[in-house]
Every structure is written in structure tokens, then in C-alpha cells.
Amino acid sequence: MPDTVTIIDNRTGKQMECPVLTGVMGPPVIDIKHLYKELGMFTYDPGYGATASCKSAITYLDGEQGVLMHRGYPIEQLAEQSTFLEVCYLLIHGELPNKREMDEWEAGIKTHTMTHEHLSRFYTGYRYDAHPMSIMGGVVNAIASYYHNTTDIQDRDQRLITAKRVIGKMPNIASKCYRYAVGLPFVYPDNSKSYVENFMNMTFSRPCEKYTPSPVAVRALDLLFILHADHEQNASTSTVRLAGSAETNPFACIAAGIATLWGKAHGGANEAVIRMLEEIGHPRNIQKYVNRAKDKDDSFRLMGFGHRVYKNYDPRATIIRKACHELLVEMNLNQPMFEIAMELERIALEDEYFISRKLYPNVDFYSGLIYQALNIPAEMFTVMFALARSAGWLAQWMELMEDDEFRIGRPRQLYTGKQIRNYVPLNKRP
Ligand code: SDX
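What comes next is a walk through the structure. If you're wondering where the values come from, they're calculated on a predicted model, not measured in any experiment.

Rules and cut-offs
- Residues numbered from 1 in each chain as written.
- Predicted model: local features only at pLDDT ≥ 70, side-chain atom pairs only at ≥ 80, totals over all residues.
- Heavy atoms only, no water.
- Helix = DSSP H or I, 4+ residues; strand = E, 2+ residues; numbered from the N terminus.
- Rg over C-alpha atoms; globule rule 2.2 N^0.38 Å.
- Buried < 20%, exposed > 50% of the residue type's maximum accessible area, 1.4 Å probe, protein only.
- Contact = heavy atoms within 4.5 Å.
- Lys, Arg positive; Asp, Glu negative; His and termini not counted.
- Charge placed at Lys NZ, Arg CZ, Asp CG, Glu CD.
- Core = buried A, V, L, I, M, F, W, Y, C linked by side-chain atoms within 4.5 Å.
- Salt bridge = Lys/Arg side-chain N within 4 Å of Asp/Glu carboxyl O.
- Phe/Tyr/Trp six-rings, centres within 6.5 Å; stacked < 30°, edge-to-face > 60°.
- Pairing = 2+ DSSP bridges.
- Near = heavy atom within 4 Å.
- Polar contact = N/O pair within 3.5 Å; in protein donor to acceptor, adjacent residues only side chain to side chain.
- Axes fitted to C-alpha atoms, helices over the stretch in contact; angles between N-to-C directions.
- Parallel < 35°, antiparallel > 145°, perpendicular 65-115°, else oblique.
- Left-handed = near helix turned anticlockwise from the far one by under 90°.
- Nonpolar A, V, L, I, M, F, W, Y, C, P; charged D, E, K, R; others polar.
- Expected span 1.5 Å × (residues − 1).

**Some remarks on the overall build of the protein chain**
When helices and strands are counted, the protein chain shows 18 helices and 6 strands. For 430 residues, the compact-globule estimate of 2.2 N^0.38 gives 22 Å, and the C-alpha radius of gyration of the protein chain, at 24 Å, lies within 12% of that figure. Along the first, second and third principal axes, the C-alpha set of the protein chain runs to 80 × 65 × 60 Å. For the protein chain, buried positions account for 49% of its 430 residues. Within the protein chain, counting contacts between residues at least 6 apart in sequence, those at least 24 apart form 71% of the total. With 47 positive and 50 negative side-chain charges, the protein chain shows a spacing of 8 Å between the two charge centroids.

Written out as C-alpha cells, the structure reads:
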């Protein structure tokens, strides 16, 4: 049996054989590269729900089974046994590091935790109440100007240095987005600390008192960074790949990813979940909001619910919900919103509307509750997501740059505009 599918244009009888490409796991794909040349047609797939944009060996998702793996390692095992910095290495290099490699990797990241002193002036151009995602995107894009003519993106070693620069600097930038908003002086990185401890010190320390982050909080944050590191060809990763396909400066590609992640349909959902839970306010109000989410005439959607790929539980949500419960117990915190969230989940998952559409809690449904327990304000939640996801964006960008089928991304369209017509001078128009 040939590994092909036959496409027949029933209007003309013309047909073509398209190769079927099979990956290591997951659905095979139909290679339609020559469809337009052979049959004079495009495919049509708004939102790319059935479109494989690339080959990738980094992350595998099975939405039906609720499976997420990075380089073959199940997310549950990485969450339990790894660290964010080790997952960054895994995503980029494809293998877990040995002790020497990990030490070298950590040392390499630490040489890039500082940002140019002039960059600190950049923050002050923002309004005092600017959303930190706007600041983060602007600052990351500005860093492109510091490494524009000195980075040869065709050179793998320089791409790797870029990856270390971004991973090293994101905690510095994220902490400054927060400190600028609350009027605190910026804190320099302290490379004697671990990656997450360094971030927490830059973010939460006060000049007038000693600061030591709680080990429980450090572990919880490291876990959240692991769970947000990469997720196949999601909207922001696809943005980074499309920008990268134009051979754009990699910092500008990451800034484009930050812009896309900010949307509440994507990474901005974690902040939107907390706003939604605050608005619900009490378990007795839940049904009213569930009814609104089901009402086609109401634009309200249940934030943190549903996913383009997961038609089962998002495995990250399961891990985060457990970690959230454990954190609240360990920190002896009573968080009413956690109770509201669990009751909302229970009610929604018993409702035919959500069951029939396979709408389950996603990664954003519980993550905000952990960030909140760690005293991270809601407007910073997506900044945290971007800090972690920059590792995945970089791994995907590096894979794109090494792809033997590399070419600029340029989708087509189904034109629904006017037929050709002649220009009418202003004085002759009705
Ligand atoms: C992330 O892609 C990724 O991997 C993303 C991410 C990552 O790690 O990168 O996992 C991170 O972005 C998670 C998603 C965070 N967003 C939200 O929680 C926002 C709320 N969710 C929805 O906006 C929605 O579910 C999306 C955007 C996540 C998915 O949209 P789809 O795949 O286009 O789904 P759809 O709009 O086709 O929905 C199918 C049906 C529709 O109803 P019908 O037209 O069939 O009657 O389900 C309904 C939708 O109206 N629906 C919802 C809903 N989500 C879908 N109804 C109420 N509340 C919701 N949340």
C-alpha cells in the first residue's frame, strides 16, 4: 500500500497523490506542498486546527489521552524529579545533562543574568500603571538593539549564546517589570543564588531588610516554570517561528511571542481566571457564571477552561491543582478562591455543555492560585508564564533555524473581497 492519499477535484476530475508522512508518535500528516501547483487550490483551515506547521522533536501532546512529553520524558516525571534549568537544557539540547554538562549550563546562564545598565532607563518611559506584559515585550525587543549586528543567527554556537542570554535575563527583566510598578528600586542578580532564588530575591527583597525566600515557594515556582516551559506549536510559539522564518533578530522573535502570549485566550488566561474568581466571589454565585459561559449571546467564557488540543484533562492542570493544595496546607493559607475554583470545576465537569464539548480545566485554571499564594500580583501572572515559556520559544526557534526545510512562512487566503473595478475620482462619486 503506497503511503499516499489521493485528492480528486470532482469539479474537474483532476487528481493528485499526496505523500503521507508518519512521525514517531501522533497522527500522520498529508504533505500538500505541491497542491497549488498540481490542482491550483489552497487548503483552508482557520485557526490551524488540522494543520501541522512543521516537523518537531521537542514536545509531544496527545490531547485525547492528556499526554505531554518533552524530548520523550513525561511531564509528570519532569515535574517530580527535574528543575526548570535542567528542563531548559533538555528542550534545547534534546538530552538530559550529566553533572559536568549541567554545571557548565548553569554557569553559562549565570554569565548572562545582567542587562545593560542603560536598559534600566527603558522602564521609566512606561506609565506607572502600565501592564507588565507591555513592559516586558518592549524591554525584550529593546535588547535586540544590543545584539543586532553581533549575532550571526546562522551560526549554531551564536544561537546557543542567544538562548543562554534570554534564559539568563528573563528573571532580571520580569523582576524589574514588577519593581517598577510598585515603586521599588531594581535589584541586581546575585549569582550565588539558584535561578529561582535569584528571581525571587530580585523581585521580593527590600533594601531595608534581609530576604530569604521560603524553600516551599522556591520549589513551587520552579515547578510552575517547568510546567510552562514548552507546549508544541501553540499560538505564541507559532508566532516566534513565523518571525524566525523571516530571519528576524531572535530577541525580536521572543518579543513577538510575548505579545501573543499576553492574549486572554492564551497565556493571559491565568490573570483572567483570578479576575473571574474574584468576580464570582462566593460558591453560591458559580451557577450564574456557568450559565453565562453557556449562553451564546454572552461573550463571557469560563477562563482556564477548554483547550484546542486537550479534550481531556490538561496534565499540567492536574499537577498544579495538587501542588496548589499542598502549598496552601504547607503555608497554612486559607485561600477562599481555591475552594471556589474547585467547586466551579466540579459543577462545570458535571454540566452537559462542558462534557459534550470536552472542556476541562487547562494549565491556567489553577496556576494563578499558586502565584497568588506566593504574593505575586495577578498582572504579573503572564509575565511568569513568559519567563518560563521563553525556554520553549528558544528551543523551537533553534530547531526552526536548523530545519532542512527552512523557508519563510507565508500562508495564503480565500479571497472574499470585491471583483476588479476602476478608480472613481472624488468629484464623480455620489
Ligand atoms: C493556553 O495552545 C496551547 O497549547 C496553549 C497553552 C500553552 O501552554 O501554550 O496550553 C496555554 O493558552 C491555555 C488556554 C488558555 N485560555 C483560556 O482558558 C481561555 C478560555 N478558553 C477558550 O477561550 C478556548 O477554550 C480556547 C481559546 C482555549 C480554545 O479555543 P478553541 O479550540 O478555538 O475552541 P472553540 O472556540 O472552537 O470551542 C469549542 C466550543 C465552542 O462552543 P460551540 O460553538 O461548539 O457551541 O466550546 C466552547 C466554544 O464556545 N468553549 C467554551 C470555552 N472554551 C470553548 N465555552 C465556555 N467557556 C470556555 N472556556
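**So, the nonpolar core**
Judged by nonpolar contacts, the single largest core of 121 residues is most densely connected at Phe84, Trp105, Met136 and Leu221. Tallying contributions element by element places helix H18 (residues 381-401) first for this core, with 15 residues. Non-local contacts of leucine 221, meaning those with residues more than four positions away in its chain, are made with Val196, Phe199, Met200, Tyr371, Leu374, Ile376 and Met384.

**Some remarks on the pattern of salt bridges**
Overall, the coordinates contain 24 salt bridges when judged by the stated rule. Aspartate 129 serves as the salt-bridge partner of arginine 127, at 2.7 Å between the closest nitrogen and oxygen. Connected through salt bridges with shared partners, the residues Asp31, Lys33, Lys55, Asp404 and Glu405 form a single ionic network.

**Regarding the packing of aromatic side chains**
The description of two aromatic rings rests on the distance between their centres and on the angle between their planes. This structure, assessed with the given rule, holds 16 aromatic pairs. Their ring planes at 65 degrees and their centres at 5.8 Å tell us that tyrosine 178 and phenylalanine 204 sit as a pair that is edge-to-face. With tyrosine 178 in helix H7 (residues 156-182) and phenylalanine 204 in helix H8 (residues 195-204), this residue pair connects regions lying 26 residues apart in the sequence. On the accessibility criterion, tyrosine 178 (10% relative accessible area) is buried.

**Description of the pairing of strand E1 (residues 4-8)**
For E1 and strand E2 (residues 15-21), the ladder comprises 5 bridges, and the chain directions are antiparallel. Bridging across to E2, valine 5 finds its partner in cysteine 18. In this structure, the hairpin formed by E1 and E2 is closed by a connection of 6 residues, where glycine 13 is found at a positive phi of approximately 85 degrees.

**Here we look at the sheet that holds E1**
For sheets, the rule is that strands pair by backbone hydrogen bonds, running either parallel or antiparallel. The strand order across the open sheet built from 3 strands is E1-E2-E3, with neighbouring strands paired in antiparallel fashion. The two strands at the open ends of the sheet, each matched to only one other strand, are E1 and strand E3 (29-30).

**Points about the site of the ligand**
Taken together, 24 residues sit near the ligand, with His231, His307, Arg308, Arg316 and Arg389 positioned nearest. Contact distances for the ligand include 2.7 Å between an oxygen atom and a side-chain N or O atom of arginine 316. In the model, an oxygen atom of the ligand is placed 2.8 Å from a nitrogen or oxygen of the arginine 389 side chain.

**Focus on unusual backbone geometry**
In this model, arginine 71 sits at a positive phi of 50 degrees, which is unusual for a non-glycine residue. Examined against the element boundaries, arginine 71 turns out to sit in the loop between strand E5 (67-70) and strand E6 (73-74). With relative accessibility at 22%, the residue arginine 71 sits in the partly exposed group. Phi at asparagine 332 takes a positive value of approximately 50 degrees, unusual for a residue other than glycine. By secondary structure assignment, the location of asparagine 332 is in the loop between helix H14 (315-330) and helix H15 (336-349).

**Comments concerning helix H3 (residues 84-93)**
When you tally the buried positions in H3, you get 8 out of 10 residues, the bulk of the element. All buried positions along H3 are accounted for by Phe84, Leu85, Val87, Cys88, Tyr89, Leu90, Leu91 and Ile92. One or two residues past the end of H3 sits glycine 94, with phi positive at roughly 90 degrees.

**Concerning the sheet that holds E5**
Pairing within the open sheet is antiparallel, and its 3 strands lie in the order E4-E5-E6. Every other strand in the sheet has two partners, leaving strand E4 (59-62) and E6 as the edge strands with one partner each. By the bridge criterion, 2 bridges tie E5 to E6 in an arrangement that is antiparallel. Its bridge partner lying in E6, histidine 70 is registered against tyrosine 73.

**Re the packing of H14 against helix H17 (residues 363-373)**
Packing of H14 against H17 leaves a shortest axis separation of 8 Å and a crossing angle of 25 degrees. Relative to H17, the element H14 is oriented roughly parallel. Considering how the two elements wind past one another, H14 and H17 form a crossing that is left-handed. On H17, the residues touching Arg316, Ala317, Ile320, Arg321, Ala323, Cys324, Leu327 and Leu328 of H14 are Val363, Tyr366, Ser367, Leu369, Ile370 and Ala373. Grouping the constituent residues of the contact of H14 with H17 by class yields 11 nonpolar, 1 polar and 2 charged.

**Thoughts on helix H6 (residues 132-143)**
With 12 residues, H6 ought to run about 16 Å at 1.5 Å a step, and its terminal C-alpha atoms sit 16 Å apart, in line with that. With 10 of 12 residues buried, H6 is to be regarded as a mostly interior element. The set of residues buried in H6 consists of Pro132, Met133, Ile135, Met136, Gly137, Gly138, Val139, Val140, Ala142 and Ile143. Those residues of H6 hidden inside the fold are in contact with helix H5 (120-123), H7, helix H11 (250-261) and H18.

**Focus: the packing of helix H10 (residues 235-245) against H18**
Close contact between H10 and H18 brings their axes to 9 Å; oriented N to C, the two are set at 40 degrees. One finds that H10 runs oblique with respect to H18. For the pair H10 and H18, the sense of crossing is right-handed. Here H10 contributes Ser236, Thr237, Val240, Arg241, Gly244 and Ser245 to the contact with H18, which in turn contributes Arg389, Trp393, Gln396, Trp397, Glu399, Leu400 and Met401. Classifying every residue of the contact of H10 with H18 by side-chain character gives 5 nonpolar, 5 polar and 3 charged.

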